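# Notes for the structure review
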Amino acid sequence: MMATLTVKGLNKTYPQAAEAAVSDFTHTFAPGRITALLGPSGSGKSTTLAMIAGLLEPDSGSVTFGDEDLTRVLAERREFGIVFQSYALFPHLSARENVEFGLRVRGIDALERRRRALEMLELVRIPQLAERRPAQLSGGEQQRIALARALAFKPRVLLMDEPLSALDAKLRDELRAELSRLLGELGLTTIYVTHDQGEAMSLGHELVIMHRGRIEQCGTPSDLYRRPSSPFVAGFLGSANVFEGECAQNGKGLVVRLPFGEWRAPTGATLGRCWAMVRPEQIEVAAPADAQFHARVESAFFLGGHTRLHLRVGETTLLADVPSHVPIVSPEALPLRVRDGGLYVQN
Ligand code: ADP
Ligand code: MG
């Protein structure tokens, strides 16, 4: 059985910093799965990863793998593979020699080193480039080498910090698909740091959302998308219309008062202040007789299959994604409705 990586109460404040970079980071990483650590720039992702890797000493807290306490164990003894945004390859070594490097440090003999390096370059699908130096390779190819190097010594955990961020969009998509395949095949416990929600949602079996040094929420991508615990998560994962509101009792039951009307409160909502979310795809153009509210169309962006509408209702702006074939007949007062179940309310 695969051992479990557990992190408890990690704290880090850099010297002279006014605020902690990471506060009370506690998480059990699902063995054999990819956990994406997602958050805006400066939210503490890299600091957290560096402490898990053993590259940065935490002020307090612990890192354990199975029943091994790694908190005071040196990075190179943790047997964790690490891949950074900058490929950090040795420029004077060939692709193969770069991959072999970590094996040499571990005292593996030349023949076995070579065999394993070639196997790894095969795995990341660039065996034909084995004898090239980094300067003769594209960014995507260099990152494949960095990945091969991290995997060559059969790490117990794979840690990646924004591995695709330095690549242009097309390469990034290509390598993302490749990583998804590869990590799926390897079944390695992986922590994948990124600020890119699309990358996190497509690669992560689980997401840990960070905000100002703290874990804001964790769960599967679809859980977090459907049931964010805060307006921050709602707005960070995908597009969202988020409102402050109030749940009140009227003659028919509990209602939510929002800037664009009064709505029956979904189950679970309680009396008092609340915030509400409607995803753009939950707003649809209605037949005039079925309209729940009307909005002025301020702009429409054709995005292929759907069109993104920027709407205005009084002082409030709303985003709606409607199928592009739906005609916008009355842009001054477009009849709209929120799909059943499309209104999410949290007190
Ligand atoms: P992220 O990876 O999410 O962008 P970081 O972990 O790099 O965030 O940074 C978290 C906070 O710690 C930020 O406020 C950043 O400015 C600060 N920080 C990061 N590295 C250092 C450092 N070496 N010295 C001082 N402050 C740092
Ligand atoms: Mg970072």
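Quick summary incoming for the structure in this document. (Residues numbered from 1 in each chain as written. Chains lettered and ligands numbered in written order. Predicted model: local features only at pLDDT ≥ 70, side-chain atom pairs only at ≥ 80, totals over all residues. Heavy atoms only, no water.)

## Re the overall build of the protein
Applied cut-off: The numbering of helices and of strands both runs from the N terminus, where a helix is a DSSP run of H or I of at least 4 residues and a strand a run of E of at least 2. Exposed residues in this analysis have more than 50% of their type's maximum accessible area, buried residues have under 20%, and partly exposed residues fall in between, with area computed by a 1.4 Å probe over protein chains only. Contacts are residue-level and defined by heavy atoms, with any inter-residue pair within 4.5 Å sufficient. Each accessible area is a Shrake-Rupley result for a 1.4 Å probe, and residues are judged covered by the shown protein chains and nothing else. Asp and Glu count as negative and Lys and Arg as positive, but His and the ends of the chain are not part of the count. Charge placement uses NZ in Lys and CZ in Arg. For Asp and Glu, CG and CD serve respectively.
Scanning the protein for helices and strands turns up eight helices and 20 strands. Taken over the C-alpha atoms alone, the protein extends approximately 80 × 45 × 40 Å along its principal axes. Looking at the 347 residues of the protein, the share that counts as buried comes to 47%. Counting only contacts in the protein whose residues sit at least 6 apart along the sequence, the fraction spanning at least 24 positions is 65%. On the protein, roughly 16800 Å² of surface is accessible, and the fraction owed to carbon and sulfur atoms is 52%. Averaging the locations of the 39 positively and 40 negatively charged side chains of the protein gives two centres separated by 2 Å.

## Overview of the side chain of glutamine 143
Turning to its location among the elements, glutamine 143 is positioned in helix 4 (residues 139-152). Discounting residues that sit within four places of it in the chain, glutamine 143 has contacts with Val83, Phe84, Gln85, Tyr87, Pro163 and Leu175.

## Concerning the sheet that holds strand 4 (residues 60-65)
Basically, it comes down to this: For two strands to be treated as a pair, DSSP must find no fewer than two bridges joining them. Axis definition: a line fitted to C-alpha atoms, limited for helices to the stretch in contact. Angles are taken between N-to-C directions and run from 0 to 180 degrees.
Read from one edge of the open sheet, four strands run 2-1-4-5, paired in antiparallel fashion. Each edge of the open sheet carries a strand with a single partner, namely strand 2 (22-29) and strand 5 (68-69). Where strand 1 (residues 5-12) lies against strand 4, five bridges are found, and the strand directions are antiparallel. By the bridge assignment for strand 4, threonine 6 is matched with threonine 64. Taken strand by strand, helix 1 (residues 45-53) contacts strand 1, strand 2 and strand 4, and its axis lies near 120° from that of strand 1.

## Section: the site of ligand 1
To keep things clear, this is the line we draw: For this description, a residue counts as near a given molecule or strand if any of its non-hydrogen atoms is within 4 Å of it. In protein, a polar contact requires one atom able to donate a hydrogen and another able to accept it; more generally it is a pair of N or O atoms within 3.5 Å, and residues adjacent in sequence count only if both atoms are side-chain atoms. Each residue is assigned to one of three groups, with Ala, Val, Leu, Ile, Met, Phe, Trp, Tyr, Cys and Pro labelled nonpolar, Asp, Glu, Lys and Arg labelled charged, and all others, Gly among them, labelled polar.
The full set of residues close to ligand 1 is Tyr14, Ala21, Pro40, Ser41, Gly42, Ser43, Gly44, Lys45, Ser46 and Thr47. One of the side-chain N or O atoms of tyrosine 14 is found 3.4 Å from a nitrogen atom in ligand 1. One of the backbone nitrogen or oxygen atoms of serine 43 is found 3.2 Å away from an oxygen atom of ligand 1. Taking 570 Å² as the accessible area of ligand 1 by itself, protein coverage stands at 54%. Among the residues forming the shell around ligand 1, the class breakdown is three nonpolar, six polar and one charged.

## With respect to the packing of helix 2 (residues 95-105) against helix 3 (residues 110-123)
Spelled out, the test is: By definition in this entry, angles of less than 35 degrees are roughly parallel, angles greater than 145 are roughly antiparallel, angles of 65 to 115 are roughly perpendicular, and the rest are oblique. Here a crossing is taken to be left-handed if its near helix is turned anticlockwise relative to the far helix by less than a right angle, and right-handed if that turn runs clockwise.
Look at helix 2 against helix 3: their axes get within 9 Å of each other, and the N-to-C directions meet at 125°. With respect to each other, helix 2 and helix 3 are oriented oblique. When you trace helix 2 past helix 3, the crossing you get is right-handed. Between helix 2 and helix 3, the residues in contact are Ala95, Arg96, Val99, Glu100, Leu103 and Arg104 and Arg113, Arg114, Arg116, Ala117, Leu118, Met120 and Leu121, respectively. Partitioned by chemical class, the residues of the contact of helix 2 with helix 3 number seven nonpolar, no polar and six charged.

Everything listed here is a matter of geometry and, on its own, says nothing about what the molecule does.
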